[in-house]
Each structure stands twice: as structure tokens, then as C-alpha cells.
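Residue-level structural notes
This is what each chain is made of:
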Amino acid sequence: MRHELKIAALVTTLTFTLVGCASNPDSTASLAKDAAKSKTASDINTVKNALDQADMALESAKSDELDWFATEQMKEARKALAEAKEYYGEFALDPSKANSSSGFFSSKTNLEAAQSDITKFNAHLTKAQNIRSNAMSTLESAFDYKAQLTKIGADKYYPNTVKQLNNELKNLVDDIANDKMNAAISAQPDLLVKQRALEVKTITKIYLADANQQLNQLKKDQIGDYAPKTLAQAAASVTAAEAFINAEPRAISKIKEKAEEAIFAIQHAKQVAIAVKQLQALPSSAYENYIVNIEDILLTISSKLGAADKRNEPISQQGKAIATFIDHNMKNEQALEQQNMALSEQVTKQKDQLEELAAQITSLNTKLLNKTSYANSLEKRLSELLATINPTKTTPSSPQTITTSVKQSDTQKIETTSPQSNSN
């Protein structure tokens, strides 16, 4: 195809050369050629921008995993983009080749062929994006489980199972890509069951592997021969934790608590078995010392607490007496704590009230200060007014004095302006 393109380009170049020699640049005919060149340049720039956008779209497609969701569509999209770039390469450095034929058996120019392949690329990419969107919506539950299995690291413990489940999910996505929506919907429930089972299996492995290992070791050590009841309780604790994981595999905080309880029960069974072994190894003459040692332990606890010595009672009652003493003291401490809290709240409340009263006193003092200042201001203004009326007096006068002075002043003015005064 490249050989055909070169021959076509040579023919086109010769044609342009001959036409160029016969034409006159200073004529109206040259205007049409200039317009055609401008349009070609614009079209070439548009193709270049479209190719750049296509490359960016492919980068974005990686994060969206479009090659996984729509393998065939993305394959065709990449093929179309490669061909578009190949045609663009023919005229990227020589724009005159843009309108050359793309091949002897093609009616398209290089420019038209590039534009057509870009259109194909965009169409395949759009379809791939639609396939992903439909798959994520239709198979939402399956993808949620896939994300959860990734989150808990299921592939670390069961890599082959994870791979198989992902392949099954891929098959359902392919059904959607091939317009077999109903087939994908029908097959999803079976996949969900498997995904959930793997989630439970993985969580059990993560949080109960240690407990199961220790329990199995106790069974191998035949602890059941010495402490069958406590061993059974330990086994029941592990079973309860497994049942809880099966019911709520994502309640991690509670699962951790259940796992800790199981480990505690297992270690308890181990210690009981050890104590039983030691007791069985003692001769009958050592039984008394064994009991006295237990009493000494209980007496030490009583002494530390300040409780009475109860060794004159059965050992079981000695333990109950200690528990009763602790319970009674705890209640007293709780009562005292509640009283302290009540007193603290009361003190806080009274403190708030005192702060409020202090604020009110401050406000009243401010208002009183303002009133005193205002009164002083009035007195000053009154003095200034009196000084204006009677400059000889500098001290404030009573209202009656002010009125008398005004009246006398007015009388003097009237006498001065009377007719008799004028005739004299």
C-alpha cells in the first residue's frame, strides 16, 4: 500500500507542478487555490488535534480498564488510531500530500482516510465506555465483591481461586459486550455465592488461623484427657467465631473480639490441663499442702483488699466472700464518684452564676459612669450658656436668676428705644 501511495503522490506532485507553471498568481483563479490551501491547512490541524485527544483518551482508558471490559472494541479502536496516524504521517511534513489518493483502489485522499479512521476510533472507544458502564451497573454486586476481595488481599491466600472468579466475571462482561444481557444477569447469582464464600474463607484465614492452629495442637496433645470441659468450651468459642464471620464477614471489629475470645478460651483450657496434670502427679500426702497453697493465695488477696480472713470457711466460700467484698466496695466507690460529679456540676453552675453576676455589675457600673459623664457634660454646657448671657458671671445661676436677668435686659432695651428718649 505504501508503494501505491508513493506513486500516487508523485503523479499528484507532477500535476501540481504543471498546473503551477501554466497559472498566473495575479489572477482571480489563484484566490480559489489559496482558499483551498487554507481549508486543507485547517483540516490538517484538526486531524492533529484529534490524534492528540485520542492519545489522551487511551491513557484515560487505562485507568478505566477498558481493555479488560471491552477487549475487542479497544483492539479495533487501537487499530483505527494506528492507521489514522499512518495516513497523517503522509502529509504531516508535506501538506500538499493531504489531498493525494490514499491508494489505487481507494477513492479517499490521505486526509479523508485519516479523518475516517479517527471517526472509527471514537466510535469504538465510545462503545467500549458504554460496555463498561452497562457492566458496572448490571453486575454491580459482583464488582462490589471483587473490590472487597482485593481489599482483604484474598489473592495472597487463594490466588488460583481469585483468578478463576475473575475469569468468570470477565465472561459475564463479555456477554454484555456481545449484547447477551439476560445471560449475564442469570449467571451472576452463582458467581456471587462463590465470591462470598471466598470472602468468608479469607476472613476466617486472616483472623482465626492462629486460634485453629492452637486448638488443633491441644487436640494432638490430648488435652481432652485432662480438661475435656474447658477444651470443649474453647472449641465452641472458635466455632462461634467462625459462625459470626459467616454471618457478618465485614464486621471486622467484632470479628477481632471473637478471635481474641477464642484465643483466651484455648489458653485457658491449656492452663487447666496443666494444673490437672500437676495435681494427678502429686502423691496423696501432698494434697493438704496443695489446698493450703490455694488458701494462702486467697488470703493474700483478702489482705491486700482489707477484707476479713475467711479461712475458717470452705474454699469456695472464701472466694465468694472476696467477690462480695469487692462488689460492695465498688458500689461505694461508684456512689462517691456520683456525689463528686454532682458537687462538681453544682460548683460549675455556681461559678457560671457568679460570672454572670459579675458581668451584670460591670454593665451597671458602665451605665452609671456614662450617666455621670452625661450629667457633667450638661453642667458644662449650662455654664457656657450662662457665660454667654452674662459674661461678668462665671458661676452657674439658678433658673430664676437667669429669667430675671433676661427680663431686666429686655426692659433696658425697651426704654432705650422709646419715643420720649428720641425727643430728648
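In the block above lies the structure referred to throughout.
Everything quoted here is computed from the prediction, not taken from an experiment. (Residues numbered from 1 in each chain as written. Predicted model: local features only at pLDDT ≥ 70, side-chain atom pairs only at ≥ 80, totals over all residues. Heavy atoms only, no water.)

**Observations concerning a nonpolar patch on the surface**
Taken together, the side chains of I297, I301, L305, I326 and M330 make up a nonpolar region of the molecular surface, amounting to roughly 410 Å² of accessible area. Going through the elements one at a time, helix 12 (287-305) and helix 13 (315-389) are the ones with two or more residues in the nonpolar patch. Structurally, the position occupied by I326 is in helix 13. Residue classification places I326 among the partly exposed residues on the basis of a relative accessible area of 32%. (Patch = residues over 30% accessible without salt bridge, like charges linked within 9 Å, V, L, I, M, F, W, Y side chains within 5 Å. Areas by Shrake-Rupley, 256 points an atom, 1.4 Å probe, with all protein chains shown as cover. Salt bridge = Lys/Arg side-chain N within 4 Å of Asp/Glu carboxyl O. Helix = DSSP H or I, 4+ residues; strand = E, 2+ residues; numbered from the N terminus. Buried < 20%, exposed > 50% of the residue type's maximum accessible area, 1.4 Å probe, protein only.)

**Some points on unusual backbone geometry**
Even without being glycine, D179 reaches a positive phi, approximately 65°. Within the secondary structure layout, D179 lies in the loop between helix 8 (159-177) and helix 9 (181-220). A positive phi angle, close to 55°, is found at Q222, a residue other than glycine. With respect to the helices and strands, the residue Q222 is situated in the loop between helix 9 and helix 10 (228-247).

**Things to note about the nonpolar core**
Formed by 40 residues in total, the largest nonpolar core has its most connected members in L139, F143, L198, A211 and I266. Contributing elements (two or more residues each) for this core: helix 6 (140-151), helix 8, helix 9, helix 10 and helix 11 (252-281). Considering every element that reaches this core, the biggest residue donor is helix 9, with 9 residues. Those residues in contact with A211, other than ones at most four positions away along the chain, are V238, A262, I263 and I266. (Core = buried A, V, L, I, M, F, W, Y, C linked by side-chain atoms within 4.5 Å. Contact = heavy atoms within 4.5 Å.)

**Quick word on the pattern of salt bridges**
Inspection of the entire model under this criterion finds 10 salt bridges. With a shortest N-O distance of 4.0 Å, D117 and K120 are connected by a salt bridge. Remark: K120 and D117 occur in helix 5 (residues 110-138); sequence separation between them is 3 residues, near one turn of the helix. Given a relative accessible area of 4%, D117 falls into the buried group. Under the relative-accessibility criterion, K120 is labelled partly exposed at 43%. Between K254 and E257 there is a salt bridge, with the nearest N and O atoms lying 3.6 Å from each other. Residue K254 and its partner E257 are located together in helix 11, separated by 3 residues, close to a single helical turn. By sharing partners, the salt bridges in this structure join E168, D190 and K194 into a single network.

**Brief notes about the packing of helix 6 against helix 8**
It is at 11 Å that the axes of helix 6 and helix 8 come closest, and there the two elements cross at 155°. It follows from the interaxial angle that helix 6 and helix 8 lie roughly antiparallel. In this structure, the crossing between helix 6 and helix 8 has a hand that is left-handed. Here A142, F143, K146 and L149 of helix 6 lie close against helix 8, whose contacting residues are L165, N166, L169 and V173. A breakdown of the residues in the contact of helix 6 with helix 8 according to their chemical character gives 6 nonpolar, 1 polar and 1 charged. (Axes fitted to C-alpha atoms, helices over the stretch in contact; angles between N-to-C directions. Parallel < 35°, antiparallel > 145°, perpendicular 65-115°, else oblique. Left-handed = near helix turned anticlockwise from the far one by under 90°. Nonpolar A, V, L, I, M, F, W, Y, C, P; charged D, E, K, R; others polar.)

**What about helix 5?**
Taking 1.5 Å per residue as the helical rise, helix 5 with its 29 residues ought to reach 42 Å, and the 42 Å between its terminal C-alpha atoms agrees with that figure. Considered for burial, the residues of helix 5 that qualify are N110, L111, A113, A114, S116, D117, I118, F121, L125, A128, I131 and A135. (Expected span 1.5 Å × (residues − 1).)

**Examining the environment of S133**
Mapped onto the secondary structure, S133 falls in helix 5. Under the relative-accessibility criterion, S133 is labelled partly exposed at 44%. Separated by 64 residues in the primary sequence, S133 and F69 place their C-alpha atoms 9.4 Å from one another.

**Description of the side chain of Q148**
Within the secondary structure, Q148 is located in helix 6. The contact partners of Q148, leaving out residues within four places of it in the chain, are E199 and R250.

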